[in-house]
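# Secondary and tertiary structure notes
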Amino acid sequence: MSTYQEFIQQNEDRDGVRFSWNLWPSSRLEATRLVVPVSCLFTPLKERPDLPPVQYEPVLCSRANCKAVLNPLCQVDFRAKIWACNFCFQRNPFPPSYAGISEVNQPAELMPQFSTIEYIVQRGPSAPLIFLYVVDTCLEEEDLQALKESLQMSLSLLPPNALVGLITFGRMVQVHELSCEGIAKSYVFRGTKDLTSKQIQEMLGLTKPGAAAQQGRQPVPQEAAASCKFLQPVHRVDMNLTDLLGELQRDPWPVTQGKRPLRSTGVALSVAVGLLEGTYPNTGARVMLFIGGPPTQGPGMVVGDELKTPIRSWHDIQKDNARHLKKATKYYEAMANRSAVNGHCIDIYACALDQTGLLEMKCLSNLTGGHIVMGDSFNTSLFKQTFQRVFSKDYNGDFRMAFGGVMEVKTSRELKVCGAIGPCVSLNSKGPCVSENEMGVGGTSQWKMCNLNPSSTLGMFFEVVNQHNAPVPQGGRGVIQFITQYQHSNTQRRIRVSTIARNWADAQSQIQHIESSFDQEAAAVLMARLGVFRAESEEGPDVLRWLDRQLIRLCQKFGQFNKEDPTSFRLSESLSLYPQFMFHLRRSPFLQVFNNSPDESSYYRHHFVRQDLTQSLIMIQPILYSYSFHGPPEPVLLDSSSILPDRILLMDTFFQLVIFHGETIAQWRKAGYQEMAEYENFKQLLQAPLDDAQEILQTRFPMPRYIDTEHGGSQARFLLSKVNPSQTHNNLYTWGQETGAPILTDDVSLQVFMDHLKKLAVSSSA
Amino acid sequence: MNVNQHTPMASPYGQPQPGYGQPGYAPLDGGYPAPYAPYNGPTSAYQPGAPPQGYSPFTSFPSKAVAANPVSDLSSPLDLGPVRGPPVSGAPPVSAPQPYNQYSHSQGEMQNGPPPMTQAPPRPAVSQSYNPAGMNMTGPPHPSYPQHYGPPPTMQQVTNQMTGMQINSGPPTPAGPGYAPPNSSQPPVSTAYTAAPPTSYAQGPPPASSAPTQPPPPSGPAAPQQYYGGPSPPSQQPFNSSLPPTSQQQFTSSAPAPPPSQQTFPPSSYSGPMPPASQAPAPPVSQPQQSFPPPAQPPFSAPPPPASQPPAFAPGPPLQNQGSFPPRGPPPSSQPGSFPPPGPPPGPPPTSLSSGPYPGQMPPQQHPPPSQPSPYHSGPPPPGVQMPPTSMAQSNHLPPGPPGPPGPMQQPPPQPGMPGGFPPQQNGAFGQVRGPQPGYAGPYPGQPNYGAPAPAPAPAAPAQKRLDPDAIPSPIQVIEDDRAKSTEPFTTGVRGQAPPLVTTNFQVKDQGNASPRFIRCTAYNIPCTADMAKQSQVPLAAVIKPLATLPPDEIPPYLVDHGESGPIRCNRCKAYMCPYMQFIEGGRRFQCGFCSCVTEVPPHYFQHLDHTGKRMDCYDRPELSLGSYEFLATVDYCKNNKLPQPPAFIFLIDVSYNAVKSGMVNIVCEELKTLLDYLPRENPEMDSVVRVGFVTYNKVMHFYNVKSSLAQPQMLVVSDVSDMFVPLLDGFLVNVNESRQVIESLLDQIPEMFADTRETETVFGPVIQAGLEALKAADCAGKLFVFHTSLPIAEAPGKLKNREDKKLIGTDKEKSLFQPQVGFYNTLAKECVAQGCCVDLFLFPNGYVDVATLGVVPVSTGGSVYKYTYFQAQSDRERFLNDLRRDVQKLVGFDAVMRVRTSTGVRATDFFGSFFMSNTTDVELAGLDCDKAITVELKHDDKLSEETGALMQCAVLYTSCSGQRRLRIHNMAVNCCSQLADLYRNCETDTIINFFSKYAFRGILNSPTKAVRDTLINQCAQILACYRKNCASPSSAGQLILPECMKLLPVYLNCVLKGDVLLPGADVSLDDRAYLRQLISCMDVSESHVFFYPRLLPLTKLESDSLPVAVRDSEERLSKGGVYLLETGLHLFLWVGASVQQELLLNIFGTPSFSQIDPSMTSLPVLDNPFSQRLREIIDSFRAERSRYMKLMVVKQEDKTELIFRHFLVEDKSASGGASYVDFLCHMHKEIRQLLS
């Protein structure tokens, strides 16, 4: 087993890929019987400090509908200078520049360790990065002040040649002209009017109506871009923009009692998208939307301005009582699609105590690869640091962001791609390797990710199409190639190619091998993605039922048991954790909406479908560390039994970082022992989780909510809601243990869940 | 509006509807009920009332025309005849009449001539014949007249004479016959009229006097023509000559004067007509006296007096005339000089004149028709003129003409001439005429002689010129006379007293009626019944200038505060407390002077009455003793029942390419920096509370945030012009002092920012919308100053296209050019008014901008339109800046509602001016400034009584520029009369003209301009005919007799008719016409007066304390050696004669040479000599007097620019075909004669 784990680890490190199965069943039938589809988590831009990009372009298969990239798996005839495409078997001559290759003089892409390789494409003009701030001014004074400071700070983080723009909105939408001296100019749009992109561009003076008609559409944007007054290099308008931001006032329109401020988020976005569309289409650009409340007027409005009408809740939605939901969602979806087409991504930074309409707006970020950050106020470190981290840089000093990514998947003949789940949109590129069976965003072999960062991870789903009666020859390998083109943050265009091969296995004869090649972590995350994807469009209970059925089927397939005898049920090590993941997944906010607002659900799901495997797993099953005098810090079960008085617990749910002081510890702390020299060790104990938390905080994006609480504290709920309720008010006495803390819940515990699972798995009727 | 609504019972305005609807009015029923009814449920009543219908000018006009009131009027009027006054019975008339008749004949002819052609001919004839007469008249006559008249001073006499003259005209009838069949019909007078010339003539001739009259004319004409041809001066002489004939002659002489222009109008005939037209006939008495003293005028004046004068005249005039006659003799001679016949004419004139002229006239009349059209209407004039003249002459003489033979005598010559020169055209045209002529000729042997003169007509053209002027009523004379007699302050306490003319400087003492500076009426003695009013056709209207600025020596209206319950008002009609409220029951109640309803006096207002029934505190309370005062309005009178916010001024500046290039943007920005310190305020000590905002625009709008806390202004661009909104709230409207630095910075930067603009397209609708929205957002009233350059063709609401199409001019579609191109602006205007958003528009066009459409909002919101075509910073800067300064600084009221209440029996039915009306009674003005006048037409809906007279109360509810809500009340009482003569004695021509012009200028929106002109002429003719029929002695119908106070009606009316609006020249753009049309709609009387009849001052000698006496607006009055200043209220010209004295040049221009004068200068060099100083003083004082700055234009004689200048010499024929005064007078006479017959 260790071999498989090593293999998996090695593959992840090298190619950024985790497959649910590392041996592939050789026929469609067998594949479907495995329940968990052949699929993988793929991190296109996984950081590879050890992988220097090559300075030339990839060699492509000459077959028009193939275009696969030359890779280590290709058969090469060094003498004839010919290589055979391992996808379509086309024999291709090497280009002239490869004239000197031989067995001993191979280009990097033919070397096995370069199954993932990055090319730098020289052609095409390099476009600057563009950052367009779209700022809500209907904020509390102090929030606005904090936001202004953050924005001003961010200017210093931008590369000098990056273009910046500023749009502010409240009741009106203002597009600020940045190139002017003296009088500060801005273009104002009414917040209630839906304008077409063309209108917006005309109103901004980006096109001459007559000229546009004459010259056609293409040249115009370029010209406009050159003279665009609204997007200017940071180094030129730094001072100006800093002043401008400094002078930003709260929206001056009076808000009468009982009303929400009028916030024209929809129009503001539309203007932002229209502006970029008209000036820099297909250039990496980031629209950063900062909102302090829900859109209350115009297109995309989420709630009216009457305070007496609360913003929609899940309850309202289920009762079909959310008036603006569908319309607003449709509006933002259209916007997101437009933006995606142009390769611009949209971030949403929503800081408010109430909902801000993320449910409706989520697609803006989901489809374009933007971030969603949710906080209580702009004046919190959560926001400030998260925002700062957007501009974090990698080991080369480049932003950890890439733009305009297009990922293409090529498969060998036995496989077809069903779809992808992640921060991407379909490019609707049909091809021979596209399956009709869609999972996630399917029907295409190309996806666009307007914005990518090193942790952006897609769930890719495949289908084995090889017929049962035409088994793959022994020793044959299935191959998948991911070709990702993107604009690096240093404005280079790059292509990263990962070619992955796995062995075929006959499911009947080699089921054990297949079982042992199962990557339960990847599988759990992939199934979770499928579940979350379904949850976006289906009722919660249906999704849970589907998940349960999949789990049961998997257990039936791989469990060892005697029929109708739950106690005989056993799962091999490679599957042993899987049910537990599913248990926690069922309780997670990704599938449960109870106790979450629609905005929160959207927020959680947004992050879940884009993080890499580790982070995703943390989200599914939070990590719990225990600190005590009894030993070094250790991970403990995410179980109520882990909550002991003499422990400090550190729980990382990805979104929250909870430090929980057990009852005794809390009392000691209250008593101030840590201040006493003789209790230095206690002080250290208290400090240990803080340090660890700090470490996590350093790297996590977005910043998790940091919670320091103790036994009986109100914030302890974060912990209590996550742990497996092994002890509840229902079973407290039956278990009779003196350790742990009872959870007041009617939720089933993992034990009960497992009992049911076993029962159902062994039941022949299930 | 709002106010009204809100203020329920209490507020007059608000309640009006309800209130009115209420019982009060209902009871009243009568006219009032109906009108008001509408508001309430009574609607039905209202609708019926449908003032509009009745109102419609056309209907009324037609009615008049149809009415042929003359006859009926005549009957009653006859009694009135004496009207003018001087009851002097017409007795004297007899003798006078004849002479007058002659004149009248001539007039008659003229009028008959009405048809352009005919008129023209007549005129010439008249002028000719008259001229001679006139000439004589003028020269000698004057003296003589003066004397005669002087004595007769009595208006009555004059009128009598006039009447007599007319009567004389009767005699002419004979002539009529001579003319044509019509003539024969003296009796057929009416027929004659129809026939026009004939009848009149006929009338005239018949009487013995007629004979004389005729003769005179002929002689006059003949002589004149000839004379004209030769010596213009002779004209006077001619007059004399004519005069000699008798009083008639005098008239004739007067008539002659007019002829000048018409040329043909054979003096004789003309003289007749002339006098009548202008002053002669009616005014005779009074005018005569006045006018007579002066030269030419005398004759006219004389005519008027006829009635009373007749006697005097007959005796006196004749004498004088005779005296003058001698002169005549000379004139004739002179005439002869020009025309061979002259000799004869003179001689004949006297005697034959009567007959001669008539004949001549007769023909003319017929001819006129053909020729007239042309003359009056357009091109035709010229030919017509000559022709007409001839024809006229002929007509007049024609009769003589036929007499042609007689011509030998005096007429013969004319005829010859006539035949020769004029015959061709006229003859052809006037075929009939000729016919008549022969007849006439026969009838009037003497005529022939005249006829002879008439012939002269051909030469007549020139002759006419000579003819003139002096014989026909002279505006200058009238103005000077009025000045002379207005030495005492005018006290308003006496009901029905006509105030001094607007041209007179006088002080007003408010003793219970509003000062004429606030209200001027067309008549101060209005008919008791609708029938009378209809019969007379005299419009009953008041020109109200509610916020007029008073001279420093008069006290502005007091502000009265009646406390929390608001002003005391009548319970029923809601009239405000005023001197007409009668306190009864010991002061516990008062009876409304308007509706007679009795209302309780509130306890806090109670006061005991004294023994005369007056309140003890009567003189302590302005509202009980004064005609004008203000009330402090309570919250009930405010919009939304909320006290108003201080108003705001928003400056919206076009920054498109043209605006920047012309320098406008620069100038405006530069000026605003200082101008903002002069925003209107009531207390000079305090800062103005008016807030300001700034917007620039081309095809998008730029708003500016000039909040005081900003270091730099912020510019907010709104490109979404299709759906205008205001992008900011805070910081847009600011207090000038607080934001001074930011504002200055902004004004400095605007020109820079747009210096390189290449945007040429502009929007306009959104500009106003922007201002409106800003005011809405700030919840205040205010004023928008829009500086705009071009036709708004950019895609936006209110987008316009160029629709200037010269081909449409003169067609039925012409009216569409005055209507707004799109309905958008009407809707917008309505919204503006609702918000109290007044729009002032400054236009700087380089081409067609469609003023008719752009002006809709300014006009409907009480704003002003200023137009600077082809604006150039250098030359137009001063004018623009002064206009702007004045416009910004002047006191202005906002969100105003004006309501005119009248006593039962009449009601205000129609309103003219810059405002908006959403119902039929409330005049809503988003803004009302001190220069805006509203003309209100009154109509009877019941009988009035002579005892109580008629009351009018104009209440204007407005927000002052300090944000205070107030009511300004103006009360006016006028007399009522049951005698037409009383009506005609108390009219004010200037006001009538003001009304007519506004009426006509609105009419062209719906009717072809020709129809409008005809309607005006028709109504004028009816007014005069009614007088003639009913107030002048019943003798003859052919004589032109004018009421003393209306003797200038023809000349002024002619000015209206030939103005650019009604009769555009080829070079007058549609925009200019629309601009003038709108401009005049809110002019007060003094502005409209000078606009239509410009002031022309000779500058040869300047005295330090007084202005030189003006001269009449005719080229003949200009001396080559002189320098003249002409002022129209819009333009200021300095005309320099070609042979001007060097000394003058040095004094004025500092250059000794005529050729070195720079015609492009717009201000005179500052020279250190008394003359230059005084001249500049005068110019400055003129400018100060007018609401718009007049740019000085130096016109050198015979320079290109002289064409423009000549356009304002309104007594002359205009290049666009407008008739000369003389021609028009003849035409008018003809019309009158037609009506009378």
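Okay, so let's go over this structure. Given the structure is predicted, the values throughout are model-derived calculations rather than measurements.

Along chain A, the regular secondary structure elements total 23 helices and 29 strands. For chain A, whose C-alpha radius of gyration is 28 Å, the value lies close to the compact-globule estimate of 27 Å for 766 residues. In terms of overall dimensions, chain A has C-alpha extents of about 80 × 80 × 55 Å along its principal axes. Scored against the burial criterion, the 766 residues of chain A give a buried share of 60%.

Here the focus is the sheet that holds strand β5 (residues 541-544) of chain B. All names here are of chain B. Spatial ordering of the open sheet is given by β3-β5-β22-β20, a layout of four strands whose pairing is antiparallel. Looking at strand neighbours, the two that pair on one side only are β3 (519-521) and β20 (906-912), the edges of this open sheet. On average, each strand axis in the sheet is tilted by 25° relative to the strand beside it, whichever way the strands run. Relative to strand β22 (residues 934-940), β5 runs antiparallel, the two being bridged by four bridges. Across the sheet, residue Val543 finds its bridge partner in β22, namely Thr935. Here helix α52 (residues 989-1003) sits on the sheet and contacts β3, β5, β20 and β22; the angle it forms with β20, its principal contact strand, is near 60°.

Quick look at the interface of chain A and chain B now. At the junction of the two partners, chain A supplies 20 residues and chain B supplies 25 residues. Regarding the contact of chain A and chain B, the summed buried area is about 1900 Å², with carbon and sulfur atoms giving 58% of it. Looking at the side of chain A facing chain B, the largest losses of area belong to Ile183, Val188 and Arg190 of chain A, adding up to 32% of the total buried there. Here chain A and chain B share two salt bridges between them. Between Arg190 of chain A and Asp723 of chain B there is a salt bridge whose closest N-O contact spans 2.7 Å. Taken together, the elements giving at least two residues each to the side of chain A that touches chain B come down to β10 (172-176) and β11 (184-190) of chain A. Of the residues forming the side of chain A that touches chain B, the biggest block, seven residues, is contributed by β11 of chain A. Looking at the side of chain A that touches chain B, its residues break down into twelve nonpolar, three polar and five charged. Of the strand pairs in this sheet, β11 of chain A and strand β14 (residues 714-718) of chain B are connected by five bridges, and their pairing is parallel. When the bridges of β14 of chain B are listed, Ala184 of chain A appears paired with Gln714 of chain B.

This paragraph deals with the sheet that holds strand β9 (residues 598-600) of chain B. Residue and element names in this part refer to chain B. The three strands lie next to each other as β7-β8-β9, forming an open sheet whose pairing is antiparallel. Of all strands in the sheet, those bounded by a partner on one side alone are β7 (582-584) and β9. Strand-to-strand twist across the sheet, computed as the mean angle between neighbouring axes with direction ignored, equals 30°. Alignment of β7 against strand β8 (residues 589-591), held across three bridges, turns out to be antiparallel. Across the sheet, the residue bridging to Gln582 is Gln591, located in β8.

Attention now moves to helix α11 (residues 358-368) of chain A. Residue and element names in this part refer to chain A. With ten of eleven residues buried, α11 is to be regarded as a mostly interior element. Those residues of α11 that sit buried are Leu358, Leu359, Glu360, Met361, Lys362, Cys363, Leu364, Ser365, Asn366 and Thr368. Phi turns positive one or two residues past the end of α11, at Gly369, with a value near 80°.

All names here are of chain A. Within the fold, Asp612 resides in the loop between α17 (598-608) and α18 (613-620). For the buried residue Asp612, which engages in no salt bridge, the nearest side chain bearing the opposite charge is Lys46, 5.8 Å off. Setting aside its immediate chain neighbours within four residues, Asp612 contacts Thr43, Ser455 and Thr457.

To continue, consider empty space enclosed by the protein. All names here are of chain B. Under the criterion given, the structure shown has eleven cavities of 30 Å³ or more. Of the voids in this model, the largest cavity is the one considered here, and its volume is about 230 Å³. Together, 23 residues line the largest cavity, and Leu1079, Cys1082, Glu1087, Ser1187 and Arg1188 are the ones closest to its centre. Those elements that place two or more of their residues in the lining of the largest cavity are β18 (865-867), α55 (1070-1080) and α56 (1085-1092). There is about 110 Å³ of room inside the second largest cavity. Around the second largest cavity, the lining is made up of 14 residues, and of these Cys521, Ile526, Leu938, Met952 and Val974 lie nearest the centre. Every element with two or more residues in the lining of the second largest cavity is listed here: β23 (950-959) and β24 (965-977). For the lining of the second largest cavity, the element with the most residues is β23, which contributes three residues.

Residues and elements named next belong to chain A. Secondary-structure assignment places Leu458 in strand β20 (residues 458-464). Look at Leu458 and you get buried, because its relative accessible area is 0%. It is 4.7 Å that separates the C-alpha atoms of Leu458 and Gly422, two residues lying 36 residues apart in sequence.

On to the nonpolar core, then. As a rule of thumb, nonpolar side chains are buried together in soluble globular proteins. Residue and element names in this part refer to chain B. Formed by 189 residues in total, the largest nonpolar core has its most connected members in Met701, Phe703, Met898, Met1046, Leu1125, Leu1134 and Phe1149. Element by element, the count of residues in this core is highest for helix α53 (residues 1009-1030), at ten residues. In contact with Phe1149, not counting residues within four places along its chain, are Leu1134, Val1136, Leu1144, Ile1157, Met1161, Leu1164, Pro1165, Leu1167 and Val1194.

What follows concerns the pattern of salt bridges. Scanning the entire structure with this criterion turns up 81 salt bridges over all chains. Glu177 of chain A is paired through a salt bridge with Lys229 of chain A; the nearest N and O atoms lie 3.9 Å apart. Taken together, the positions of Glu177 of chain A in the loop between β10 and β11 and Lys229 of chain A in the loop between α6 (219-227) and β12 (232-233) put the pair 52 residues apart, joining distant regions of the chain. We classify Glu177 of chain A as buried; its relative accessible area is 7%. A salt bridge links Lys193 of chain A to Asp720 of chain B; the nearest nitrogen and oxygen atoms lie 3.1 Å apart.

Cut-offs applied
- Residues numbered from 1 in each chain as written.
- Chains lettered and ligands numbered in written order.
- Predicted model: local features only at pLDDT ≥ 70, side-chain atom pairs only at ≥ 80, totals over all residues.
- Heavy atoms only, no water.
- Helix = DSSP H or I, 4+ residues; strand = E, 2+ residues; numbered from the N terminus.
- Rg over C-alpha atoms; globule rule 2.2 N^0.38 Å.
- Buried < 20%, exposed > 50% of the residue type's maximum accessible area, 1.4 Å probe, protein only.
- Pairing = 2+ DSSP bridges.
- Axes fitted to C-alpha atoms, helices over the stretch in contact; angles between N-to-C directions.
- Contact = heavy atoms within 4.5 Å.
- Buried area = accessible area lost by both parts, 1.4 Å probe.
- Salt bridge = Lys/Arg side-chain N within 4 Å of Asp/Glu carboxyl O.
- Nonpolar A, V, L, I, M, F, W, Y, C, P; charged D, E, K, R; others polar.
- Lys, Arg positive; Asp, Glu negative; His and termini not counted.
- 1 Å grid on protein atoms, 1.4 Å probe; cavity = no way out; pocket = protein on both sides within 12 Å on 5 of 7 lines; lining within 4 Å.
- Points joined across faces, edges and corners; volume = space filled by probe spheres on them.
- Core = buried A, V, L, I, M, F, W, Y, C linked by side-chain atoms within 4.5 Å.

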